[in-house]
Amino acid sequence: MHEEILSVGVDIGTSTTQLVFSRLIIENQATSFTVPRINIVEKIVEYRSEIYYTPLKSPTEIDAEKVKQLVLGEYKKANRSPSEMSTGAVIITGETARKENANEVLSALSDLAGDFVVATAGPDLESVLAARGAGADGYSKERRGVVANLDVGGGTTNIGVYDNGRLIGTSCLDIGGRLIKTENGRITYIFPKIEDLARESGINIKVGDRSERETVSAICKIMADQLAQALALKPRDGRHKGLYTNEGKPLPEDIGIKALTFSGGVADCVYTENSGDWFRYDDVGVILGDEIRRNEAFHKAELLKAAETIRATVVGAGTHTTEISGSTIVYDRSKLPIKNIPILKISQEEEASVSTIISSIKAQLPLYMSEGKPEQVAIAFSGEGRTSFKDIQVLADAVIQGAQEVIDGPFPLLLVIETDIAKALGHSIQVKLQNKKEVICIDGIATIGGDYIDVGEPIGAGSVLPVVVKTLIFNS
Amino acid sequence: MEKNLKAIIEQVLREMNITPGSGADLAASAVASAIEQANTSVVEDGFIPDVTEVDIKTQYLVEDAENKEAYAELKSYAPCRLAIGKAGARHKTDPSLQFRAAHSAAQDAVFNDVDQDFVDNMGFFTIQTQCENKDVYLTRPDLGRKLSDEAVDVIKEKCKKNPTVQIYVSDGLSSAAVAANVSDLLPGILQGLQSYKIDVGTPFFVKYGRVGAMDQISEITGADVTCVLIGERPGLITAESMSAYIAYKATVGMPEARRTVVSNIHRSGSVPVEAGAHIAEIIKTMLEKKASGTDLKL
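Being a predicted model, the structure only gives us computed values, none of them experimental.

Thresholds, definitions, all that
Residues numbered from 1 in each chain as written. Chains lettered and ligands numbered in written order. Predicted model: local features only at pLDDT ≥ 70, side-chain atom pairs only at ≥ 80, totals over all residues. Heavy atoms only, no water. Buried < 20%, exposed > 50% of the residue type's maximum accessible area, 1.4 Å probe, protein only. Helix = DSSP H or I, 4+ residues; strand = E, 2+ residues; numbered from the N terminus. Pairing = 2+ DSSP bridges. Domains from an automatic or database assignment. Contact = heavy atoms within 4.5 Å. Salt bridge = Lys/Arg side-chain N within 4 Å of Asp/Glu carboxyl O. Polar contact = N/O pair within 3.5 Å; in protein donor to acceptor, adjacent residues only side chain to side chain. Nonpolar A, V, L, I, M, F, W, Y, C, P; charged D, E, K, R; others polar. Axes fitted to C-alpha atoms, helices over the stretch in contact; angles between N-to-C directions. Left-handed = near helix turned anticlockwise from the far one by under 90°. Phe/Tyr/Trp six-rings, centres within 6.5 Å; stacked < 30°, edge-to-face > 60°. Core = buried A, V, L, I, M, F, W, Y, C linked by side-chain atoms within 4.5 Å.

Draft legend 1. Layout of the pairing of strand 12 (residues 180–183) of chain A. Residues and elements named next belong to chain A. Here strand 12 shows one buried face, formed by I180 and T182, and one open face, formed by K181 and E183. Of the pairings in the sheet, the one linking strand 12 to strand 13 (residues 186–190) comprises four bridges and is antiparallel in character. The partner of I180 across the bridge, within strand 13, is I190. Following strand 12, the chain reverses through two residues before pairing antiparallel with strand 13; N184 in that reversal takes a positive phi of roughly 45°.

In structure tokens form, the structure reads like this:
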């Protein structure tokens, strides 16, 4: 078996908007004499769009129509159509996510970008996608150490930290190249938090001032220093805590970062020495990059070359969001695809006994109702150790008892399991419910409470489903 | 001369900061305590560690490894006898005991019979091929593919006629595989078929059976699909591996290529209950496409 699916990634960031098309190669890695083991074996970015400035109507509103035209134009250039896309992600990142009409833009785009495309935003997910696009996950595995990627964009810096290929932390700070903007030699905008930071540090800078390199360097030096503090490469000062986006949490101080990659628009100015007009992008990105490069605290960690710099997030969105669940699963074709389904997680402790499985589902279900009416929810657990036929029957009974409300309701019973038991469990539930309820039971997917999940239409001759898990609260 | 020598020794001992006589005393007391230890044997309530309990995927025995972590990670993917170190030119004691234990388990799986209580508890009746005993079974594969006359009669008498699916269990080359997997694998298949609303015949157990016996059973029962769950020839990784051979309208003398197989069913391979669910779906597809083996694209 060899199949290719197309994936689209769109990133609408604070300063730039980009798009990539990728091919995901799916193969059965088992022999034909055993139960199939179907995986994504290769990810190829086949088209990279131009890098556009994100079109804005006003400082607080994205120009949805222009974004749409821009995406459509790129589809045309690449000779692709939305209907060809099996999966992908549209993400609004950085400061743009705080714009008033972010959600409106996302929903407009998600229809345009294919049938099954994620529409989401969130600093933690962005950190993960950028780190994977930059290749920090791969480096950490290769070197068996802790590698952090800093995606220094226009409005925020997203940090994703990997240890031996495993995500161990994300963090997001309000530090970026376009938090101070310039035009014709004057400063035209300063983000309030940066204005405070400057004042508290005794740097006199305000809108309308001439954009002097010395003054800007002084504040960028402090911004760079705060990034080093965020990585725990030097002790954190009193001002540090206030710089996290949405009052997010810092990384643990003992995280032990050994190497770094940089991505985002500012990254190229970190990797290479700069000359020429320091304000050539009408912002302070070039100077910020330069100050990061010079900052001695960063020299404590090894600087590695990122696989992608300015395109890291969009490449991450286009290639690293999709997982595959199969090939021993149960699903109801007519109920797919489904998007943005909240995960109701049964914890490891609650999984230990049947009664706690039931009570956990029952107790949590009301949280996922809106105005007393049921909504689609995905019930998730690990299933570890429950692999005998008897265990499966017991588990099926417990799920049925706990989720009676879902079974009586209008939405399919959706189960997301880590251990490879989905098909047996799905069959068991179907038999016990006399095939009267639509059941979608998938496995090989790890989730945590608070995640959202999308399940796409079947691929690989119907044997597997593309799945996207959106982790939005990793660090809060 | 002697006096001279004594003086030299005394001088050396003095330089070594040892007073004369104490060295000899030390040696004598060491010998005494060794003898005392040897004479008082101690009975402990313990066990010598069971070599078969060792998880070969996590055992790493190379001394002074260049990159232990990387090698250990490679090992975690498969239970191979790698990175087991060496003592001179030979294996270490632990891996060589493990190897012999695995070899014994493989031999036991082949030479032992399936426990009759297990077969009875599963609710199976037992029939036999034309092999009279294990020796005949192992030396005459052809007889393992043919049912005894009595067996044919029992099937005719006890089995549902013309079922959609006929499933049965056979010892094949591993009795251990039957004991380890059937109680999860078979219900897994049956429940899957039930969820697809597919009718199943009467299951039973065939002693001294080879895969080919399914063709004759297919002809006798008149099933559309016949499926045998049979013990695989054991290896040194596991003696409990089971295969399912499945064929659409199998007939005696048909090409082997008409069989579909799902192999490597055991607790550290394809988990039995999930493999069962998968086999149920294969059977469903087989009935839809009216084909099996290489004729059936899964």
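Now, onward.
Draft legend 2. Representation of the domain arrangement of chain A in the model. Residue and element names in this part refer to chain A. Domain parsing of chain A yields domain 1 (2–121), domain 2 (125–303) and domain 3 (320–471). Between the C-alpha centres of domain 1 and domain 2 the distance comes to 26 Å. Counting from both sides, the interface comprises ten residues of domain 1 and, opposite them, 14 residues of domain 2. For the pair domain 1 and domain 2, the number of links is zero salt bridges. Put simply, domain 1 and domain 2 have zero residue pairs in polar contact (both at pLDDT 80 or more) between them. Considering only residue class, the side of domain 1 that touches domain 2 consists of two nonpolar, five polar and three charged.

Draft legend 3. Quick peek at the packing of helix 8 (residues 175–195) of chain B against helix 10 (residues 272–289) of chain B. Residues and elements named next belong to chain B. At their nearest, the axes of helix 8 and helix 10 sit 7 Å apart, and the two run at 35° to each other. Remark: the crossing between helix 8 and helix 10 carries right-handed chirality. Across the interface between the two elements, N181, D184, L185, G188, I189, G192 and L193 from helix 8 touch P272, V273, A275, G276, A277, I279, A280 and I283 from helix 10. Per-class residue counts for the contact of helix 8 with helix 10 are ten nonpolar, four polar and one charged.

Draft legend 4. View of the side chain of T226 of chain B. Among the secondary structure elements, T226 of chain B is positioned in strand 4 (residues 225–231). What T226 of chain B contacts, discounting residues up to four positions off in sequence, is Q166, Y168, M214, S218, Y245, I246 and A247 of chain B.

Draft legend 5. Quick peek at the packing of aromatic side chains. Counted under the stated rule, the structure contains eight aromatic pairs over all chains. Taking 5.7 Å as the distance between ring centres and 75° as the angle between the ring planes, the aromatic pair formed by Y60 of chain B and Y71 of chain B counts as edge-to-face. Of this pair, Y60 of chain B sits in the loop between helix 2 (22–39) and helix 3 (68–75) while Y71 of chain B is found in helix 3, placing the two residues eleven residues apart along the sequence. Judged by relative accessible area, Y60 of chain B falls into the buried class, the value being 14%. Chaining the aromatic ring pairs together yields one cluster made of F21, Y47 and Y75 of chain A.

Draft legend 6. Local environment of the nonpolar core. Residues and elements named next belong to chain A. Within the largest apolar cluster, 52 residues are counted, with the highest numbers of intra-cluster contacts made by L413, L425, I429, I442 and I453. When neighbours within four sequence positions are excluded, I453 is seen to be in contact with I338, K339, N340, I341, I343, A378, V416, I442, I445, V467, V468 and V469. Within the second largest apolar cluster, 50 residues are counted, among which are C220, I222, A267 and V286.

Draft legend 7. Inspection of the domain arrangement of chain B at higher detail. You can read the domains of chain B as domain 1 (2–38), domain 2 (45–91) and domain 3 (116–295). Using only C-alpha atoms to locate each centre, domain 1 of chain B and domain 3 of chain B end up separated by 78 Å.

Draft legend 8. How the structure looks around the sheet that holds strand 17 (residues 338–345) of chain A. Residues and elements named next belong to chain A. Spatially, seven strands are ordered 16-22-21-17-18-19-20 in an open sheet, and the strand pairing comes out mixed. Each edge of the open sheet is held by one strand with a lone partner, namely strand 16 (322–326) and strand 20 (439–443). The average undirected angle you get between the axes of adjacent strands in this sheet is 30°. Strand direction decides the pairing type here: strand 16 and strand 22 (residues 464–470), joined by five bridges, are antiparallel. Looking across to strand 22, one finds that G326 is bridged to V464.

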